[in-house]
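Examination of the molecular architecture
Spelled out from the first residue to the last, the chains are:
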Amino acid sequence: MKSKRGLHYCVAALLAAEAAFVFAQQGHTEALNQPMFSERTGDHLSCADCHAHARVIRGGKAGLGNRRSDALVVSALIDTVSEAHFLAAADPFDRDGDNISGRVAWVLSLPDQRAVPGRFGWKASVGTLEDQIANALIMDMGLENELLTFSTEACESDKPGCVVAAGPQAGAQASDAVHRLAPEVRSLARLPALPDPEGLQLFTDTGCAACHHPYVRNTEGEALPLFTDLLLHDMGPGLAEDRTVGSATRSEWRTASLLGLNQKSGLLHDGRAATVKQAVEAHGGEAQYSTTRFLALSETKMLALLRFLRGLQKKESRDVDISWIQRPFRFASLVHGPLDHDHVERRHADRAVARCSRFCL
Ligand code: HEC
Ligand code: HEC
């Protein structure tokens, strides 16, 4: 019992990162971007509703910020980045004196409580693809899974969580939801085109590459042109939220990958920037020096840099089979066999208890 309670707290900390999702769910009646869901009700939510395009999901409540989702093609690549990259790239005490001190957001992985570098989410608060999917299932879709369940205890607002780890579960088999979805997401990975060398030089000279590492190594030792170091950086008060998430402070954010910029609806974590220039202007803190350099570029160089950035593509999605996430409920049938509305609705009823007591502020 004791150890279960310990786990309970850990998961609550991990899940704080996903708090916005709870309200995203609730948003089917109030806060969400209505047009996005107008053709379907909340029970019909699929991964593709939020991930077929990079779009902004409104948090809407009590300081829980909006979050832009990203195409899963990029997540599938991030999944393959080696742990050695994180250790090599981190410089938490700025020993090299470049005023940039990226740090690893260590998190505990759900099934075995192993410390792993956080790599997913704007706050790098989730360490493995399986954990991210478990979070998506329960927090975005109200589906219990082999890693996370709703607590059977009635939740009170002073308790840390209503979503708890399923515990060392006997039944965590390859047939379970998370383990069936993870290979599907992984299968989306495609190597992006190599960046143009001249533009890359300009990008590096402007200081952008200090955080947006052009290449990071995957577990096979291949260099992936991802344009992120996946580390947390202090981006200054302008980008700060009024809450912390996981180990990230209010103003710390994971460097965003710059692949497919022109396919995103709004840049930065909450989609506030309409153009690349606006996004860079919002960079403060550790990025201040590079922002200053960027704004001091001659017009010709600025245009060349912006052209270079626009050219950084993830592989076109038509090259990649994302049909499985595009069909509403495809994921649900994958998980539960034939579609079972009652099952999903019951989960949503449970959530009515779960979501408020856990996250009401
Ligand atoms: C209600 C909208 C919504 C749904 C539905 C949803 N997601 Fe997400 N997802 C998001 C948002 C928003 C983020 C960014 C969260 C953050 O960082 O705070 C995200 C993050 C992710 C990430 C990490 C992205 C990265 O590169 O760091 C993965 C992987 C992911 N989701 C997979 C899935 C899968 C698989 C499903 C279906 C089982 C799913 N999501 C369903 C909105 C959604
Ligand atoms: C100190 C590290 C750092 C430096 C230097 C830096 N960035 Fe960033 N960049 C980030 C982080 C962290 C984010 C995510 C911030 C957020 O969303 O709040 C980001 C986000 C972005 C985005 C938005 C991406 C998206 O998907 O919304 C763009 C565009 C961008 N940076 C371009 C640049 C350019 C161009 C430069 C050089 C002039 C640069 N950055 C320098 C850390 C950095």
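This text gives an overview of the structure that appears in the document.

Conventions adopted
Residues numbered from 1 in each chain as written. Chains lettered and ligands numbered in written order. Predicted model: local features only at pLDDT ≥ 70, side-chain atom pairs only at ≥ 80, totals over all residues. Helix = DSSP H or I, 4+ residues; strand = E, 2+ residues; numbered from the N terminus. Contact = placed C-beta atoms within 7 Å. Axes fitted to C-alpha atoms, helices over the stretch in contact; angles between N-to-C directions. Parallel < 35°, antiparallel > 145°, perpendicular 65-115°, else oblique. Left-handed = near helix turned anticlockwise from the far one by under 90°. Nonpolar A, V, L, I, M, F, W, Y, C, P; charged D, E, K, R; others polar. Buried ≥ 20, exposed ≤ 12 C-beta atoms within 10 Å, placed from the backbone. Arc of directions from axis to C-beta. Near = placed C-beta within 6 Å. Core = buried A, V, L, I, M, F, W, Y, C linked by C-beta atoms within 7 Å.

Focus: the overall build of the chain
The number of helices and strands found in the chain is 15 helices and 10 strands. Across the chain, every contact between residues at least 6 apart in sequence was considered, and the portion connecting residues at least 24 apart equals 67%.

Considerations on the environment of glutamine 288
Assignment of secondary structure puts glutamine 288 in helix α11 (residues 288–295). Spatially, the C-alpha atom of glutamine 288 lies 8.2 Å from that of methionine 235, the residues being 53 residues apart in sequence.

Remarks on the packing of helix α9 (residues 197–205) against helix α12 (residues 299–310)
Where α9 meets α12, the axes come as close as 9 Å, and the angle between the chain directions of the two elements is 115 degrees. Considering their axes alone, α9 and α12 lie roughly perpendicular with respect to each other. The way α9 lies across α12 gives a crossing that is left-handed. Counted together, Gly199, Leu202 and Phe203 of α9 and Lys301, Ala304, Leu305 and Phe308 of α12 form the full contact between these two elements. Considered class by class, the residues forming the contact of α9 with α12 number 5 nonpolar, 1 polar and 1 charged.

Points about helix α8 (residues 177–186)
Regarding α8, the residues found buried are Ala177, Val178, Leu181, Ala182 and Val185. Taken down its axis, α8 places every buried residue within 120 degrees of arc, on the same side.

Here we look at the site of ligand 2
Close to ligand 2 lie 27 residues, the nearest being Cys208, Cys211, Leu267, His269 and Phe294. The set of elements that each furnish at least two residues to the shell around ligand 2 consists of α10 (276–281) and α11. Examining the composition of the shell around ligand 2, we find that 3 residues originate from one element, α10, more than from any other. A breakdown of the residues in the shell around ligand 2 according to their chemical character gives 17 nonpolar, 8 polar and 2 charged.

A word on the nonpolar core
Grouped burial of nonpolar side chains is what soluble globular proteins tend to show. Grouped together as the largest cluster of nonpolar side chains are 68 residues, with contacts concentrated most on Ile133, Ala134, Leu147, Val178, Val185 and Leu258. Elements represented by at least two residues in this core include exactly α4 (47–51), β1 (56–57), α5 (72–78), α6 (83–89), α7 (129–141), β6 (163–165), α8 and α12. If you tally residues by element for this core, the top one is α7, at 7 residues. With residues up to four places along the chain from it excluded, the contact list for leucine 258 reads His212, Phe227, Leu309 and Leu312.

Thoughts on the environment of valine 81
Tracing the backbone through its elements, the reader meets valine 81 in the loop between α5 and α6. By the C-beta count within 10 Å, which is 21 here, valine 81 ends up buried. Separated by 139 residues in the primary sequence, valine 81 and glutamate 220 place their C-alpha atoms 8.9 Å from one another. Not counting residues up to four positions away in its chain, the partners in contact with valine 81 are Arg119, Val216, Asn218 and Leu230.

Looking at the environment of glycine 266
As for its position among the elements, glycine 266 is in the loop between β10 (252–254) and α10. Here the alpha-carbon distance between glycine 266 and valine 56, two residues 210 residues apart in the chain, equals 7.3 Å.

Brief notes about unusual backbone geometry
Although it is not a glycine, alanine 124 adopts a positive phi angle of roughly 50 degrees. Counting through the fold element by element, alanine 124 comes out in the loop between β4 (115–117) and α7. By the C-beta count within 10 Å, which is 28 here, alanine 124 ends up buried. Despite not being glycine, leucine 268 has its phi angle at roughly 75 degrees, a positive value. Here leucine 268 shows up in the loop between β10 and α10.

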